[in-house]
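One-letter residues, chain by chain:
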Amino acid sequence: MRSGLILVMVVAAILVASFASLQPAVQLGDAKTGGDLRYLLVHRAEKNYYELSRTAQFLEAHRCSNERVSQYKPSPQRYGFDIRTELGIRYGVYQAWKVRVVGTSDSQKMPTSTKDGVYVLIYPRNPDWKFCVNKYSVVPAEAGARNLTYTDFADGREYTLQLSSQWPRPWQIHEIKILSSNAFAEICQASL
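Let me begin by describing the structure that accompanies this report. Note that this is a predicted model, so its numbers are computed, not measured. (Residues numbered from 1 in each chain as written. Predicted model: local features only at pLDDT ≥ 70, side-chain atom pairs only at ≥ 80, totals over all residues. Heavy atoms only, no water.)

Regarding the pairing of strand β3 (residues 48–53)
Here is step 1: Taking burial as the measure, the six residues of β3 include six buried ones, the bulk of the element.
Here is step 2: Taken together, the six bridges between strand β2 (residues 36–44) and β3 define a ladder with antiparallel strand orientation. Residue pairing across strands places tyrosine 39 opposite serine 53, the latter belonging to β3.
Here is step 3: Linking β2 to β3, which pair antiparallel, is a turn of three residues. (Buried < 20%, exposed > 50% of the residue type's maximum accessible area, 1.4 Å probe, protein only. Helix = DSSP H or I, 4+ residues; strand = E, 2+ residues; numbered from the N terminus. Pairing = 2+ DSSP bridges.)

What follows is the structure, encoded as structure tokens:
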């Protein structure tokens with residue numbers, strides 16, 4: 001009987017350790033523990049794409065070192081780092097900010113930014129349409145279509161995205177405050 005209890009305790013300890021190792025390295029607090037803290041990651045294709053994530057971990061922790069991360073200068077021309085988030089892997093992340101979400105809305109309630117600030121726009125139907133902007137405007141176009149015009153936060157350029165009437169969902173809007181302009185060191189430290 002006693003050996004069975006010890007076996008159960010050993011198996012439970014192994015399961016707990018296994019599940020703990022599967023958890024992402026960095027998990028930020030929520031409203032109860034200091035606010036809705038997240039990481040804002042930016043990677044580049046033809047333009048900047050963003051990820052607003054509660055967790056972040058270097059995909060290959062052995063490539064992460066304090067020296068390498070501290071000497072890294074963010075630039076869209078550099079490949080950057082491969083980062084795992086709760087939503088998947090983002091390759092070539094060249095910038096990482098630690099941010100606090102200070103407000104949320106959607107493009108039906110707030111079709112135009114009321115002030116210059118920092119906003120993350122997310123279109124739920126397309127997982128790649130996540131943009132960080134200084135200002136934005138979602139306006140109706142012909143035959144039920146809409147146009148999103150925004151100024152990209154990182155490169156300062158204005159872009160317009162045309163949405164057909166077949167894509168009627170509103171954009172999710174998160175107003176954020178940047179707490180740290182380089183979160184790579186924190187992500188690296190927690191990934192080791």
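That shown, we press on.
With respect to unusual backbone geometry
Here is step 1: The backbone of alanine 143 shows a phi angle near 55°, a positive value even though the residue is not glycine.
Here is step 2: Within the element layout of this structure, alanine 143 appears in the loop between β9 (130–140) and β10 (146–152).
Here is step 3: Using a relative accessible area of 74% as the deciding quantity, one classes alanine 143 as exposed.

Some thoughts on the sheet that holds β10
Here is step 1: Spatially, the eight strands line up as an open sheet ordered β3-β2-β7-β12-β8-β9-β10-β11, and their pairing is antiparallel. Because the sheet does not close on itself, it has two edges, and the strands there are β3 and β11 (158–163). Across this sheet, the average inter-strand angle for adjacent strands is 40°, counted without regard to direction.
Here is step 2: Pairing geometry for β10 and β11, over six bridges, is antiparallel. Its bridge partner being in β11, tyrosine 150 is matched across the sheet by tyrosine 159.
Here is step 3: Contacts from helix α3 (residues 184–191) reach β2 and β7 (95–106), with the element oriented near 105° to β7. (Axes fitted to C-alpha atoms, helices over the stretch in contact; angles between N-to-C directions. Contact = heavy atoms within 4.5 Å.)

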